[in-house]
Amino acid sequence: MLKIENLSVVLNKTTILDDVSLKVGNGERVALIGPNGAGKSTLLNTISGMCRPSSGSIHFNNVEISRESVAARNRRGIARTLQHSSLFGNLSCFENVLAALQRGQRWWRSSQSAKISAHDLLERVGLTTRSKETADELSHGEKRLLEIAVAL
């Protein structure tokens, strides 16, 4: 599903990632661990398109995506969340996801298909029963799940 080959990232003449290769199969879960400054965030930023590789390649579902935009990768199902929450605490879980789906539009006048997609995303992350509760009412772990739904 995800194949990274000989990936390097150089920023301001400093090598952040050097010749990284990695494969993640469909349905496989992988933990990325290391000390501060090891390049974990840079690798995730490069996979999601927030950072451009200096060399190497990234393939997702056998398609080269190394030079695709963040938006193009999002459409493929690649997204990332950040450490600090970007949720609207006073909006419901459903409204948070709907706002992300309708980005740049009037989300409070959303289409039926957007509403169905929002429900599907909440179901996918296991938050269907919490859809009417505000983001502020969720536990830390549930907020992270909501952030994943928003990212997707």
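Summary of the structure given here. No experiment lies behind these values; they were computed from the predicted model shown.

Conventions we followed
- Residues numbered from 1 in each chain as written.
- Predicted model: local features only at pLDDT ≥ 70, side-chain atom pairs only at ≥ 80, totals over all residues.
- Heavy atoms only, no water.
- Axes fitted to C-alpha atoms, helices over the stretch in contact; angles between N-to-C directions.
- Helix = DSSP H or I, 4+ residues; strand = E, 2+ residues; numbered from the N terminus.
- Parallel < 35°, antiparallel > 145°, perpendicular 65-115°, else oblique.
- Left-handed = near helix turned anticlockwise from the far one by under 90°.
- Contact = heavy atoms within 4.5 Å.
- Nonpolar A, V, L, I, M, F, W, Y, C, P; charged D, E, K, R; others polar.
- Pairing = 2+ DSSP bridges.
- Core = buried A, V, L, I, M, F, W, Y, C linked by side-chain atoms within 4.5 Å.
- Buried < 20%, exposed > 50% of the residue type's maximum accessible area, 1.4 Å probe, protein only.
- Expected span 1.5 Å × (residues − 1).
- Arc of directions from axis to C-beta.
- Salt bridge = Lys/Arg side-chain N within 4 Å of Asp/Glu carboxyl O.

## Concerning the packing of helix H3 (residues 93-101) against helix H5 (residues 140-151)
1) Next: At a minimum axis separation of 8 Å, H3 and H5 run at an interaxial angle of 30°. As far as their axial angle goes, H5 and H3 are roughly parallel. At the point where H3 passes H5, the crossing takes the right-handed sense. Contact residues: Cys-93, Asn-96, Val-97 and Ala-100 in H3; Leu-146, Ala-149 and Val-150 in H5.
2) Next: For the contact of H3 with H5, a count of residues per class yields six nonpolar, one polar and no charged.

## Re the pairing of strand E2 (residues 14-24)
1) Next: Pairing of strand E1 (residues 2-11) with E2, which is carried by seven bridges, proceeds in the antiparallel orientation. What sits directly across from Leu-11, in E2, is Thr-14.
2) Next: Connecting the antiparallel pair E1 and E2 is a turn made up of two residues, with Asn-12 showing a positive phi of about 50°.

## Concerning the side chain of Glu-147
1) Next: Within the fold, Glu-147 resides in helix H5.
2) Next: The residues contacting Glu-147, other than those within four sequence positions of it, are Thr-81, Leu-82, His-84, Ser-85, Ser-86 and Leu-87.

## Quick notes on the nonpolar core
1) Next: Of all hydrophobic cores here, the largest spans 15 residues; its most connected members are Val-97, Leu-122 and Leu-146.
2) Next: Every element with two or more residues in this core is listed here: H3, helix H4 (112-125) and H5.
3) Next: Non-local contacts of Leu-146, meaning those with residues more than four positions away in its chain, are made with Leu-87, Cys-93, Asn-96, Val-97, Leu-122, Leu-127, Ala-135 and Leu-138.
4) Next: Membership of the second largest hydrophobic core comes to 13 residues, among which are Leu-7, Leu-17, Ile-47 and Ile-65.

## Some points on the sheet that holds strand E4 (residues 63-64)
1) Next: Reading across from one edge, E2-E1-E3-E4 is the order of the four strands in this open sheet, with antiparallel pairing throughout. The open sheet has two free edges, formed respectively by E2 and E4, since each of these has just one partner strand.
2) Next: Where helix H1 (residues 40-48) meets the sheet, its contacts fall on E1, E2 and strand E3 (55-60), and the angle it forms with E1 comes to roughly 115°.

## Details of H5
1) Next: For H5, spanning 12 residues, the distance from its first C-alpha to its last is 16 Å, which sits close to the expected 16 Å at 1.5 Å a residue.
2) Next: All of the buried residues along H5 are Glu-142, Leu-146, Glu-147 and Ala-149. Projected onto a plane normal to the axis of H5, the buried residues spread over an arc of 160° and lie on a single side.
3) Next: In this structure, the buried side of H5 is in contact with H3 and H4.

## Remarks on the pattern of salt bridges
1) Next: With the rule as written, the count across this model stands at five salt bridges.
2) Next: We note a salt bridge from Glu-68 to Arg-76, for which the minimum N-O separation is 2.8 Å.
3) Next: For Glu-68, a relative accessible area of 18% gives the class buried.
4) Next: Here Arg-144 ties to Glu-147 by a salt bridge, and the two come within 2.8 Å at their closest N and O atoms. In this pair, Arg-144 and Glu-147 both sit in helix H5, three residues apart, roughly one turn of the helix.
5) Next: Relative accessible area serves as the criterion here: at 27%, Arg-144 is assigned to the partly exposed category.
6) Next: On the basis of relative accessible area, Glu-147 is assigned to the buried category, the value being 6%.
7) Next: Residues joined in a network through salt bridges with shared partners are Arg-130, Glu-133 and Glu-142.

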